[in-house]
Amino acid sequence: MAGGGRMKGVEGSGEGAGQGEERDGEELDELELDLSLGRRGWHPPPPPPLPAPPLRWTMVFPQWGPDEAGSSQAAERIWDSPPVPPLRFGDMWQGAADAEDHNNDEEEKESEDGERELHNKRPRVLGFGDGSPQHSSVNATLFGFEPPCLHAISEHDHPKLSHCPESELDFGLSLFSNDGGKEIPRETNNQRVGDVEKLGGKNAEDTEIRMDLSDDLLHLIFSFLCQKDLCRAGAACKQWQSSSVHEDFWKCLKFENTRISLQNFVNICRRYQNVTILNLSGVMEAEELVMNAITFLRFFLLISFFVVEMLLSLLYFPNWGFFRHLKTLTMGKGQLGDTFFQALAECPLLNTLTVSDASLGSGIQEVTVNHDVLHELQIVKCRALRISIRCSQLQILSLRRTGMAHVSLNCPQLLELDFQSCHKLSDTAIRQAATACPLLTSLDMSSCSCVTDETLREIATACHSLSVLDASNCPNISFESVKLPMLIDLRLSSCEGITSASMSAIYFSRILEALQLDNCSLLTSVSLDLPHLKNISLVHLRKFADLNLRSPVLSYIKVSRCSALRSVTITSNALQKLVLQKQESLSSLYLQCHNLTDVDLSDCESLTNEICEVFSDGGGCPMLRSLILDNCESLSAMELNNSSLINLSLAGCRSMTFLKLACPKLQMVNLDGCDHLERASFCPVGLESLNLGICPKLSVLHIEAPNMSILELKGCGVLSQTSINCPHLTSLDASFCRQLMDDSLSRTAEACPLIEHLILSSCLSIDISGLSSLQCLHKLTFLDLSYTFLMNLKPVFDSCPQLKVLKLSACKYLSDSSLDPLYREGALPMLVELDLSYSSIGQNAIEELLACCTNLVNVNLNGCTNLHELVCGSEYYWSIDMPVDVYPSDSAPEKINDINGRPDYLLEVLNCTGCPNIKKIVISSMANYLNLSKINLNLSINLKEVDLKCSNLYSLNLSNCSALEILKLDCPRLANLQLLACTLLQGEELESALSFCGALEILNVHSCSKINAWDYGRLQAVCPTLKRIQSSLIA
């Protein structure tokens, strides 16, 4: 049946395709809030009602026309109709009795439904029109007529509910239930799915299966939904529909930018009697809606009284009080005539009225707003000739951006008045309006260019309680001789007449708390002593040179873009943050701010060294925690002694050559860009880390930091004198400190015994005596001596037995004998990483290191020119005399192979990148490199032969080995093989090598000219695990 009704509603149109689609779209828009008054889902048209019993008297009313609603012509046609004979009560009673007999069957169904609800032990929520006499069919037929505006929209004419654009939603509402007063019994929780099978030929669509929630829970859930979502939820089932139309959810009606017809709006007025907030902003012909609704409701209530006196009017038309409960009304974007403002009397509780972007009145007459209860009136961005406001209780009035030539106020209780941007108002009109409100406390007349000092003086005389004044953008105001003793908030931005002489009048406002003087181009100085001043704003004052403020409660100061400002004096006990950025001329600063914690003086290029006295102990800022002096290029020597400072930033102070900080709580310091700093002292400081590598000219350094753990001096090439007293220092980077002497290193080692990482790369002045002092560093595990001129490493071997990482890269003066203690005497038993890249170590020393130092995990031999071949596991390899104490009991574990008695090596990574003379590398299974997982021979251009038998090798890099011809691999776990640019390697050789690499996944043969595309298939067959081949021949 539902489907048939739906099809009938769609196919019944006789219009063209375009018009039909447009009408369907409008119907879709009108459907959503059609549910808010009881309309649910889709149903076929109700059967025709039974004929009403004949009455001996019938009232005939003229047809109601929405366009004529509220007009005098419509009223005349109603009241000038022929006289109506009196209606006898018996006739009405007979008609009501017949109608009652006609509905007996429906009452029986309702009683059965009530018993079912009682059985479910859940209180039943009646939908609108259920069991209520004013919503039965008697209402429409009792007197022989049906009011035209009460016609419900035919339910079968509505298409299926769908999503519509929010801005185009049209509210369609009805007062009557969708089934002609017949209520469908609800399903209960006891209904089983098996009942569906008993329905026989009924479709599944006709069977309703839903979750039955309690009404209290449903009410709570719906309280979080907006009105449009409530309407959509009401389409789900009858229970949801009944809950969604509860009056608790419809006390605030927002129709902003929404299409709504007169009939629907009247229905809303009838249905929801307790609405307190109504928003019709952006609704087309909103005035006509309101006026016609008021007229219709007044007329219908009068008819009910006239016909059946008070009893029947209360019975059938109770509480016609939609506008009588209204408290907030919002209108806008349209034409509002005099009749609208006169009709406001129908809203006795109206408290707030907002009208925006509308045309008021006819354009030639005065618009009058007269209301006895109205407290707030907002007329914003409207157009009118004259406005007269007579509201005895009005307290807030805003006429912001309203174009009017004259305004008349009779509002004895008015407290706040807003004339902002009322450009057409004259100085006299503003003066008369403001002085007519003796209780005025707040006045906004910003951007009223005609206002003068005379108006301000008269307002000050008439309004003794004025506390807030905004006269910004009033060029004719100088504020001289204006006395406002009760003023708390004063805004005079962009007032060209404000000068230093105006400060005497401002000084008269002794309780002033906020002052705004932005863009006052003639203001040269401000000197104020106001005990209650809290906030002041001084922005873009081109001639402003001197600032002197004294206030114990001053908490906020904004000074910006005052290029001529030279002197600032501030006394306050409440100020906590001071920002004076980009004050290029500021040279003098005096502060007495006992609670000041943050100061930002960035880009104050004229600040001198005297600024240090202001921020040192005794300078007036005892609670200072953060100081920012970035890009203060005039600072050359800074000596700061502050016991509370935590954060200091001196970035970009390029002229600074001397820095002395005695700040025991200092935790962060920024010296980026201090390129000319020569002497620095941090004694004492609370720093945990410090980076001075950005100070290339630093020559003298003193540090006393008990909490410091990381110190970076990388790049301090001229640093020669250091005194570092950091007992908790663990990492020291002195790379490229070429003038760092042995005595400085010795003092540092004695004062910092917890150092673990020490980098002395390119420290060319360090010699044996300096290295001998490392014996004080009992926890030293990392030592970098790369790019030094060392020849004897015995002090290192003797002083650092716990060393784990030793870097000797590019130590050109090291000989083979320099490393004898490593492989002959068992020195550095805990060493796991050794870097000999680009050193002059010979072939024999390297082979002995690899044979004897079994504890090494990572060995770097990159760029070793004396390395010609690397053979591990041969008879000669094992003929080398092993030192007796290679495996001391307290340092390295014994790992003896049970089969051949040879030790197991811990070597995992072997790097021989760029060794130009190496020609052969052989690692046999006898080498016992069971942990070797990565070998890198990249750029070894003379390498010809590679023979590897490593059971755990995972990655092998032979890229750019252009001379490679022989490749033998027995590496069952090899997964990554790089052969980039191995131009001499044959495909057959590679195929043979890969036959013993059963786990290979990645093969790179890019630019291998002797390996063609035909070889790839054989390689794939040899290594089934191969997933990716990188080659220039494969697209």
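Residues numbered from 1 in each chain as written. Predicted model: local features only at pLDDT ≥ 70, side-chain atom pairs only at ≥ 80, totals over all residues. Heavy atoms only, no water.

(A) Local environment of the overall build of the protein. Secondary structure assignment for the protein yields 25 helices and 52 strands. Burial statistics for the protein: of 1035 residues in total, 49% are counted as buried. Taking the intrachain contacts of the protein between residues at least 6 apart in sequence as the baseline, contacts between residues at least 24 apart amount to 50%. As displayed, the protein offers around 47,300 Å² of accessible surface, 52% of which is attributable to carbon and sulfur atoms. (Helix = DSSP H or I, 4+ residues; strand = E, 2+ residues; numbered from the N terminus. Buried < 20%, exposed > 50% of the residue type's maximum accessible area, 1.4 Å probe, protein only. Contact = heavy atoms within 4.5 Å. Areas by Shrake-Rupley, 256 points an atom, 1.4 Å probe, with all protein chains shown as cover.)

(B) Quick look at the pattern of salt bridges. This structure, assessed with the given rule, holds 17 salt bridges. Put simply, Glu454 and Arg457 hold a salt bridge, and the shortest N to O gap is 3.4 Å. Linking Glu454 with Arg457, this pair stays in helix α15 (residues 453–462), spanning three residues, or about one helical turn. Across the salt bridge formed by Arg654 and Asp675, the nearest N and O atoms sit 3.1 Å from each other. Taken together, the positions of Arg654 in the loop between β29 (647–649) and β30 (658–663) and Asp675 in the loop between β31 (668–670) and β32 (679–685) put the pair 21 residues apart, joining distant regions of the chain. Given the relative accessible area of 42%, Arg654 is considered partly exposed. The class of Asp675 is partly exposed, set by a relative accessible area of 28%. (Salt bridge = Lys/Arg side-chain N within 4 Å of Asp/Glu carboxyl O.)

(C) Representation of the nonpolar core. Counting 268 residues, the largest nonpolar core has Phe419, Phe479, Phe615, Phe682 and Leu979 as its most contacted members. Once residues within four sequence positions are removed from consideration, Phe682 is found in contact with Leu659, Leu661, Leu671, Leu687, Leu690, Leu692, Leu701, His702, Ile703 and Glu704. (Core = buried A, V, L, I, M, F, W, Y, C linked by side-chain atoms within 4.5 Å.)

(D) Representation of the packing of aromatic side chains within the structure. Going through the model one piece at a time under the given rule, you end up with seven aromatic pairs. Taking 5.1 Å as the distance between ring centres and 75° as the angle between the ring planes, the aromatic pair formed by Phe340 and Phe341 counts as edge-to-face. The pair formed by Phe340 and Phe341 is uniform in burial state, with each residue classed as buried. Of the aromatic side chains, those joined through ring pairs into one cluster are Phe222, Trp240 and Phe249. Lying across the ring of Phe508, Lys483 places its NZ or CZ 5.3 Å from the centre. A cation sits over an aromatic face here: Arg510 above Tyr507, 4.5 Å from the ring centre. (Phe/Tyr/Trp six-rings, centres within 6.5 Å; stacked < 30°, edge-to-face > 60°. Lys NZ or Arg CZ within 6 Å of the ring centre and 35° of its normal.)

(E) Here's a closer look at the sheet that holds strand β11 (residues 386–390). With parallel pairing, the three strands of this open sheet are ordered in space as β9-β11-β13. The open sheet terminates on both sides in strands that have one partner only, identified here as β9 (366–370) and β13 (406–410). Along the sheet, successive strands turn relative to each other by an average axial angle of 10°, direction set aside. The pairing of β11 with β13 spans five bridges and is parallel. (Pairing = 2+ DSSP bridges. Axes fitted to C-alpha atoms, helices over the stretch in contact; angles between N-to-C directions.)

(F) Quick peek at the sheet that holds strand β36 (residues 721–725). Reading across the sheet, the five strands line up as β28-β30-β32-β34-β36 and stay open at both edges, with parallel pairing between neighbours. The sheet is open, and its two edges are formed by β28 (637–641) and β36, each paired on a single side. Going across the sheet, the axis of each strand differs from the next one's by a mean of 5°, ignoring polarity. Note that β32 and strand β34 (residues 700–704) share four bridges and pair parallel. Each bridged residue has a counterpart across the sheet, and for Arg679 the counterpart in β34 is Val700.

(G) Up close: unusual backbone geometry. For the bond from Cys683 to Pro684, the omega torsion is -15°, close enough to zero to count as cis. Residue placement: Pro684 occurs in strand β32. Despite not being glycine, Asn257 has its phi angle at roughly 55°, a positive value. As for its placement among the helices and strands, Asn257 is situated in the loop between β2 (252–254) and β3 (259–260). Asn257 sits in the partly exposed class, given a relative accessible area of 34%. A positive phi angle is found at Asp357, which is not glycine, with a value near 50°. Secondary-structure assignment places Asp357 in the loop between β7 (352–356) and β8 (359–360).

(H) Representation of the state of the cysteines in the model. Following the criterion strictly, the structure yields zero disulfides and no others. There is no disulfide at Cys604, and the cysteine sulfur nearest it, in Cys632, is 5.5 Å away. Residue classification places Cys604 among the buried residues on the basis of a relative accessible area of 0%. Considering cysteine sulfurs only, Cys752 is the nearest to Cys726, which forms no disulfide, with 5.1 Å between them. (Disulfide = S-S within 2.5 Å.)

(I) Local environment of a nonpolar patch on the surface. Side chains of Leu217, Leu220, Ile221 and Phe224 sit close together on the surface and give an oily, nonpolar patch of about 420 Å² of accessible area. If you trace the backbone, Leu220 turns up in helix α8 (residues 215–222). (Patch = residues over 30% accessible without salt bridge, like charges linked within 9 Å, V, L, I, M, F, W, Y side chains within 5 Å.)

(J) How the structure looks around α15. Of all the positions in α15, only Asp453, Thr455, Leu456, Ile459 and Ala460 are classed as buried. On an axial view of α15, the arc spanned by its buried residues comes to 155°, and they lie on one face. Considering only its buried residues, α15 is in contact with α14 (427–435), β15 (442–444) and β16 (468–470). (Arc of directions from axis to C-beta.)

(K) Layout of the environment of Ile268. For Ile268, the position within the fold is in helix α11 (residues 262–271). Separated by 25 residues in the primary sequence, Ile268 and Ala293 have C-alpha atoms spaced 9.7 Å apart.

(L) Just the packing of α14 against α15, in detail. Put simply, α14 and α15 touch, their axes get as near as 9 Å, and they point 10° apart. The orientation of α14 with respect to α15, classified from their angle, is roughly parallel. Counted together, Asp427, Arg431, Ala434 and Thr435 of α14 and Glu454, Thr455, Glu458, Ile459 and Ala462 of α15 form the full contact between these two elements. Among the residues forming the contact of α14 with α15, the class breakdown is three nonpolar, two polar and four charged. (Parallel < 35°, antiparallel > 145°, perpendicular 65-115°, else oblique. Nonpolar A, V, L, I, M, F, W, Y, C, P; charged D, E, K, R; others polar.)

That's the geometry; what it means functionally is another story.
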